[in-house]
Amino acid sequence: MKFLNTAAILLMTSAIAATAQTTTPPENLYLIGSATTAQWNANEPIAMEKVNAYEFTYTGPLTIGEFKMPWVKGDPAMWGNNTYMASGDASLKSAGINTYDCMFTTNGQPDQKWKVFLPGTYKLTLKINPDDITSAKLTAECLSLPDKIYAFGAAPDQWSSYGGVEVPSTENGIYICSFNMNYSNENKQIKFFMPRGEWNAVSYIVPTEVDHYSGNGKLGDDGSVKLIEPGKSYPFQVSFVGNGPLDWFWGIQENRSGKYEVIVNIKDKTVTFNLLKSYVFDKDNVTELYMLGLAAESFDSNNPLKMNSLGNGKFSWTGNLDYSTDDGIADHANKQFKFVTSTGEWNEVHYLVPTDADANGFTKEVESGESYTMKMTTFINGGNGVDAFFGLKPNDKGKYTITADVPNMSFAITKDSSVGVFEIEASGADAVEEIYDLSGRRVSRESVAPGVYIIRKGMNVKKVVIK
């Protein structure tokens, strides 16, 4: 009989153990890691539900962080025991049902864990190969995402990861907000993060690429801004400390300041920017014009009086003006009118005021038959605007027509000449016959069309029908 030496016996024992190890599935399977509610507490990991000997499942919350699936619990036994780890792509996706290869380790090494970039409710299913328990697949589905994310940057005027402006979800994974975006040299308008917390413990939603500059002193030479075009969608990446850029932002192009709607679609991994209102003054392309002041019976830029459009940037208004008009506010005395190019908050619009206005409260007195120049003033982005108006000369009143020409930054004002037709002084029996239409305009006998007219000769005035 031939006896085996000690070395041979040890080899056979190891082979038998390895065979058992690769054919016997785990009795239990656990979740542990910073992405789980158990955190790294080896004594109280999350027990996965056992569907059968080769399938385990978990449905519940996962936050930003990482996790792995050990076979046993307890400290220190867990750390050097059988564990399913991530293999290859270890980042859980937020859209669809995704399957990942698993790696099996007998001693917890290499310690390669799955990564969760977006917090939410996930369904995890681990299926083990019955023929080889070292082979397994993890299927993951994100069932729901957070009900809010947070905006950060110059547009929301927030710079702390403990703060930020809440952006609510309109439906699962879609978040919509609107912000004023005003161009600046740094131009770090907006990025997003979740959840609130220490800057190195949250995930950031940032551009996948940025535009670079060299030596022009604009938008930061560090190349940390992605310039956007209104109406376009841009892909994003989710970054946190140790995984990609944190200080990348979306920014706007020069002369594109305005109010923007921003749509973050987590599932499509896109951010869309829609321009709701431009804050750039373009005198050659103004399509609407409004009035504020006593004439408009409003000093609220959200509710101005709309003027009639004549085309090509020209607008008109006809109405009564009176120097003595009193709306009960002393500060409004003789502030008859100024122009505003759109409706909106007082610091979101452009005003057209007297060219020589140099201080708040300035009033330029105007009179019929004259034209006046004007200038644009605004308080957008903290601009040094001037609260100035056009007014009448003392004791003046009447029905006026104002015609504004925005491309030429001027307007004309005329008083209705029909006022006082009957106050014309008589010139005696030899007075010349004068014919007026019902609007008070004088017409000639030779060119008069059929209609009703007022005929005056000297002191005699009568209404006649001319056929």
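Residues numbered from 1 in each chain as written. Predicted model: local features only at pLDDT ≥ 70, side-chain atom pairs only at ≥ 80, totals over all residues. Heavy atoms only, no water.

### Structural notes on the overall build of the protein chain
Quick reminder of the rule: Counting from the N terminus, the helices are DSSP H or I runs at least four residues long and the strands are E runs at least two residues long. Relative accessibility thresholds used throughout: buried, under 20% of the residue-type maximum; exposed, over 50%; partly exposed, between the two (1.4 Å probe, protein chains only). To measure how exposed things are, a 1.4 Å probe is used in the Shrake-Rupley method; for residues, cover is taken only from the protein chains shown.
Assigned secondary structure in the protein chain consists of one helix and 36 strands. A total of 467 residues make up the protein chain; the buried ones form 44% of that total. Summed over its atoms, the accessible surface of the protein chain is roughly 23500 Å², and 48% of this surface lies on carbon and sulfur atoms.

### What about the pairing of strand β21 (residues 270-278)?
Note on strand geometry: in a regular strand, side chains alternate between the two faces of the sheet. Spelled out, the test is: Pairing between strands is defined by DSSP: at least two bridges between them are needed.
Pairing of strand β18 (residues 232-239) with β21, which is carried by four bridges, proceeds in the antiparallel orientation. Looking across to β21, one finds that Lys 232 is bridged to Phe 273. Bridge analysis of strand β20 (residues 258-265) against β21 gives eight bridges, and the strand direction is antiparallel. Bridged to Gly 258 within β21 is Ser 278. From the end of β20 to the start of β21, which pair antiparallel, there are four residues, and Lys 269 there has a positive phi angle of about 55°.

### Observations regarding the nonpolar core
Short version of the rule: As used in this record, nonpolar core signifies buried Ala, Val, Leu, Ile, Met, Phe, Trp, Tyr and Cys residues forming a set joined through side-chain atoms within 4.5 Å.
Core analysis: the largest hydrophobic core is formed by 60 residues, its most contacted members being Phe 67, Met 69, Tyr 84, Leu 124 and Phe 192. Here this core takes five residues from strand β11 (residues 132-144), the largest share from any one element. By size, the runner-up hydrophobic cluster in this structure holds 24 residues, among which are Phe 337, Leu 392, Ile 402 and Met 409.

### Observations regarding the pairing of strand β3 (residues 49-52)
Where β3 and strand β4 (residues 55-62) come together, three bridges link them in antiparallel fashion. From the neighbouring strand, Lys 50 faces β4, where its bridge partner is Phe 56. Following β3, the chain reverses through two residues before pairing antiparallel with β4.

### So, the side chain of Thr 83
Applicable threshold: Two N or O atoms count as a polar contact when they lie within 3.5 Å, although within protein this holds only if one can serve as hydrogen donor and the other as acceptor, and sequence-adjacent residues are included solely when both atoms are side-chain atoms. Here, residues are in contact when the closest pair of their heavy atoms is within 4.5 Å.
Within the fold, Thr 83 resides in strand β7 (residues 83-86). We classify Thr 83 as buried; its relative accessible area is 1%. Separated by 3.1 Å, the side chain of Thr 83 and the backbone oxygen of Asn 81 make a polar contact. Ignoring anything within four residues of it in the chain, the contact list for Thr 83 reads Lys 68, Met 69, Pro 70, Trp 71, Met 78, Met 103, Phe 104, Thr 105 and Gly 108.

### Looking at the environment of Gly 313
Tracing the backbone shows Gly 313 in the loop between β24 (308-311) and β25 (314-322). Taking the C-alpha atoms as reference points, Gly 313 and Glu 288, 25 residues apart in sequence, are found 8.1 Å from one another. In this structure, Gly 313 is in contact with Val 286, Ala 404, Asp 405, Val 406 and Pro 407, ignoring residues within four places of it in sequence.

### Thoughts on the sheet that holds strand β35 (residues 451-457)
Spatial strand order, β34-β33-β35-β36: four strands in an open sheet with antiparallel pairing. On the outer flanks of this sheet lie β34 (442-443) and β36 (460-466), each paired with one strand and no other. Strand direction decides the pairing type here: β35 and β36, joined by seven bridges, are antiparallel. Bridging across to β36, Tyr 453 finds its partner in Val 464.

### Side note on the environment of Phe 67
In this fold, Phe 67 is placed in strand β5 (residues 65-67). Note: C-alpha distance between Phe 67 and Lys 113 (46 residues apart in sequence) is 5.5 Å. Aside from chain neighbours lying at most four places away, what touches Phe 67 is Leu 31, Ile 32, Gly 33, Ala 35, Thr 36, Leu 62, Leu 92, Lys 113, Trp 114, Val 116, Leu 124 and Leu 138.

### Some words on unusual backbone geometry
Backbone torsion omega between Asp 75 and Pro 76 reads 15°, so that peptide bond is classified as cis. Along the chain, the position of Pro 76 falls in the loop between β6 (69-70) and β7. A cis amide bond, omega 0°, links Gln 109 with the succeeding residue Pro 110. Its identity is not glycine, yet Lys 269 carries a phi of approximately 55°, on the positive side.

### Quick notes on a nonpolar patch on the surface
Test applied: Think of a patch as exposed residues, more than 30% relative accessible area, with no salt bridge, where like charges cluster within 9 Å and nonpolar side chains (Val, Leu, Ile, Met, Phe, Trp, Tyr) cluster within 5 Å. Salt-bridge detection follows one rule: a side-chain nitrogen of Lys or Arg within 4 Å of a carboxyl oxygen of Asp or Glu.
On the surface, Leu 438, Val 452 and Val 465 cluster together to form a nonpolar patch covering roughly 280 Å² of accessible area. Structurally, the position occupied by Val 452 is in strand β35.

### Some details on the sheet that holds strand β15 (residues 191-194)
For clarity, the cut-off: Axis angles are defined between N-to-C directions and span 0 to 180 degrees, where every axis is a line fitted to C-alpha atoms and, for a helix, only to the segment in contact.
Here we have eight strands rolled up into a closed barrel, ordered β12-β13-β14-β20-β21-β18-β16-β15, and antiparallel in their pairing. Each adjacent strand pair in this sheet contributes to an overall mean axis angle of 35°, direction not counted. Two elements, strand β13 (residues 165-171) and strand β14 (residues 174-181), share two bridges in a ladder whose sense is antiparallel. Bridging from a neighbouring strand, Glu 171 pairs with Ile 174 of β14.

### Considering the confidence of the model for the protein chain
Heads up, the rule is: Each residue carries a pLDDT score, the predictor's confidence in it, ranging from 0 to 100.
Overall, the predicted model of the protein chain reaches an average pLDDT of 87, with 89% of residues at or above 70. Confidence over residues 1-20 falls short of pLDDT 50; this stretch has two contacts with residues more than four positions distant or in other chains. Long-range and interchain partners of residues 419-428, a stretch whose pLDDT sits below 50, account for 13 contacts in this model, where long-range means more than four residues apart.

### Quick notes on the pattern of salt bridges
Scanning all chains against the criterion turns up 19 salt bridges. The residue Asp 396 makes a salt bridge to Lys 415 at a minimum N-O spacing of 3.3 Å. One end of the pair, Asp 396, is in the loop between β30 (389-392) and β31 (397-405); the other, Lys 415, is in strand β32 (residues 410-415), and 19 residues separate them in sequence.

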